[in-house]
Amino acid sequence: MEITIQAAVQKIQEAKSITFLTGAGVSTPSGVPDYRSLKGIYHGIEAPEYLLSSDCLNQEPEKFYTFVKTLYHPTAEPNVIHKKMAVLERSKPVWIVSQNIDGLHQAAGSQHLVNFHGSLYDCYCRKCGQTVPWQEYLKSDRHENCGGQIRPGIVLYGEGFTDDTIRQAIQAVNVSDLLVIVGTSFQVHPFCDLIYEKNEKAAVLAINRTPIHIPMLHEFVEADGSTVFEQL
Ligand SMILES: [Zn+2]
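Residues numbered from 1 in each chain as written. Predicted model: local features only at pLDDT ≥ 70, side-chain atom pairs only at ≥ 80, totals over all residues. Heavy atoms only, no water.

## Quick word on helix H5 (residues 80-88)
Formally: The buried label applies to any residue whose accessible area, calculated with a 1.4 Å probe on protein chains only, is under 20% of its type's maximum; exposed applies above 50%, and partly exposed to all values in between. Labels follow the DSSP assignment, with helices taken as runs of H or I lasting at least four residues and strands as runs of E lasting at least two, numbered in each case from the N terminus. This arc corresponds to the set of directions leading from the helix axis out to the C-beta atoms. Polar contact is defined as a pair of N or O atoms within 3.5 Å, subject to the rule that within protein one atom must be able to donate a hydrogen and the other to accept it, and that residues adjacent in sequence are counted only when both atoms are side-chain atoms.
Taken together, the buried positions of H5 are Ile81, His82, Met85, Ala86 and Leu88. Each buried residue of H5 lies within a common arc of 160° when the element is viewed along its axis, so the set occupies one face. You can read the cap of H5 off the contacts: a side-chain oxygen lies 2.8 Å from the backbone nitrogen of Ile81, and it is on Asn79.

Structure below.
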């Protein structure tokens with residue numbers, strides 16, 4: 001059922017506890033493009049599904065590195081959506097499970113956060129396991145100390161999820177009485193399957209620029225997330 005922006009704002013304000021499930025649309029107002037929708041850029045070269053895969057990381061590390069560097073937007077700042085979510089967390093139980101790898105929910109100060117696909121800003125050396133500052137990774141993908149390959153701590157195509165991540169995400173989805181899907185068409189597995197972990201009483205609200213398809217009763221606002229969060 002479609003509801004108004006005002007009704008969505010009220011639902012968020014009145015909920016006792018909320019879990020936000022967020023996607024790329026939450027970060028586009030910060031100037032972070034959604035690489036999945038930037039089809040033009042990939043004309044004539046491989047799809048991002050390959051460039052962001054464990055196969056590419058292992059077999060064509062230079063190609064991987066060149067591509068992954070284009071995903072960093074270190075000067076991007078949290079927008080009204082990130083900020084209001086962080087503020088809500090101070091007044092009631094709020095969890096965020098995000099598909100985004102841009103670190104903007106942390107930057108906004110959210111504490112109860114599950115970065116389901118990891119973060120570009122958590123880098124480590126594959127050889128010695130040491131944590132490496134992302135600034136260093138952007139200069140070279142070879143670890144100065146040991147010569148090993150550095151990589152970002154994101155979940156690549158072809159890689160599995162850790163039990164810890166899955167467990168935390170399920171718990172976050174299960175505890176709240178309102179689930180709010182924001183800025184995602186909600187089609188990427190297993191992220192979109194998390195909805196089945198909600199508790200029976202929980203209501204579902206989706207805020208997205210285009211309708212989303214989930215096989216359960218939910219309310220929907222066809223809008224950019226920022227137009228809703230500006231009014232919170
Ligand atoms: Zn190393």
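## Overview of the pairing of strand E8 (residues 203-208)
The test is simple: Only strands that DSSP links by at least two bridges are regarded as paired with each other.
Along E8, 5 of the 6 residues are buried, which leaves the element largely enclosed by surrounding structure. Relative to E8, strand E7 (residues 178-182) is paired through 5 bridges, and the arrangement is parallel. Within E8, the residue paired with Leu178 across the bridge is Ala203.

## Some remarks on unusual backbone geometry
The amide bond that connects His189 to the next residue, Pro190, takes the cis arrangement and shows omega of 0°. Inspection of the secondary structure assignment puts Pro190 in the loop between E7 and E8. In the Ramachandran plot, Phe186 falls in the positive-phi region, its phi being about 60° despite a non-glycine side chain. By the secondary structure assignment, Phe186 is in the loop between E7 and E8. In this structure Phe186 comes out as buried when scored by relative accessible area, which is 3%.

## Considering the side chain of Glu219
Filter applied, for reference: Contact between two residues is taken to exist if any of their heavy atoms lie within 4.5 Å; hydrogens are not considered.
Looking at where Glu219 falls in the secondary structure, it is placed in strand E9 (residues 219-222). For Glu219, a relative accessible area of 18% gives the class buried. Residues in contact with Glu219, not counting those within four places in the same chain, are Met1, Ile3, Lys11, Val204, Leu205 and Ala206.

## Considerations on the packing of aromatic side chains
What counts, and what does not: Paired rings are identified among Phe, Tyr and Trp, the last through its six-membered ring, by centres lying within 6.5 Å, and are further divided according to the angle between planes into stacked (under 30 degrees), edge-to-face (over 60) and tilted (the rest).
In the structure shown here, the tally under the stated rule is 8 aromatic pairs. Among the aromatic residues, those joined into a ring-pair cluster are Tyr65, Tyr72, Tyr121, Trp134 and Tyr137.

## Considerations on the side chain of His82
Assignment of secondary structure puts His82 in helix H5. When its relative accessible area of 0% is taken as the criterion, His82 is described as buried. What His82 contacts, discounting residues up to four positions off in sequence, is Val26, Ser27, Ser30, Leu104, His105 and Ala108.

## Some thoughts on the nonpolar core
Stated precisely, the cut-off is as follows: As used here, the term nonpolar core means buried Ala, Val, Leu, Ile, Met, Phe, Trp, Tyr and Cys residues forming a set that is joined through side-chain atoms within 4.5 Å.
Counting residues in hydrophobic clusters, the biggest one holds 23 residues, and the most contacted among them are Ile12, Ile18, Phe20, Val180, Leu205, Ile207 and Phe229. Elements that contribute at least two residues to this core include exactly helix H1 (5-14), strand E1 (18-22), H5, strand E2 (94-98), E7, E8 and helix H9 (225-229). Apart from residues lying up to four places away in sequence, Ile207 is in contact with Ile12, Val180, Ile181, Val182, Gly183, Val221, Ala223, Gly225, Val228 and Phe229.

## Brief notes about the environment of Ala203
With respect to the secondary-structure elements, Ala203 resides in strand E8. For the pair Ala203 and Glu144, spaced 59 residues apart in sequence, the C-alpha separation works out to 50 Å. The contact partners of Ala203, leaving out residues within four places of it in the chain, are Lys11, Asp177, Leu178 and Leu179.

## Describing the UniProt feature "binding site: Zn(2+)" (unreviewed entry) in the protein chain
Keep this limit in mind: UniProt positions are given in the numbering used here, feature names are shortened, and annotations may be inferred rather than shown by experiment.
Residues annotated in UniProt with the feature "binding site: Zn(2+)" (unreviewed entry) correspond here to Cys125, Cys128, His143 and Cys146. A maximum C-alpha distance of 9.0 Å is found for the annotated residues, which run over 22 residues; spatially they form one tight group. For Cys125, the location among the structural elements is in strand E4 (residues 118-125). Given the relative accessible area of 1%, Cys125 is considered buried. Discounting chain neighbours no more than four positions away, the residues touching Cys125 are Gln130, Val132, His143, Cys146, Gly148, Gln149 and Ile150. Relative to the helices and strands, Cys146 is located in the loop between helix H7 (134-139) and strand E6 (150-154). Note on Cys146: relative accessible area 25%, which makes it partly exposed.

## A word on the coordination of the zinc ion
Stated formally: With water excluded from the atoms, a metal site may look incomplete; its donors are any N, O or S atoms within 2.8 Å, or within 3.2 Å for Na, K and Ca. Working rule for geometry: tetrahedral if four donors all subtend angles between 85 and 135 degrees; square planar for four, octahedral for six, if opposite donors exceed 155 degrees and the others stay between 65 and 115; irregular in every other situation.
Only Cys125 (SG), Cys128 (SG), His143 (ND1) and Cys146 (SG) from the protein coordinate the zinc ion, and they sit 2.0 to 2.3 Å from it. Here the zinc ion is ringed by 4 donor atoms whose angles at the metal span 101 to 122°, and the overall shape comes out tetrahedral. In primary-sequence terms, the residues that donate to the zinc ion follow C-x2-C-x14-H-x2-C. Here Cys125, found in strand E4, pairs with Cys146, found in the loop between H7 and E6; they are 21 residues apart in sequence, far enough to count as distant.

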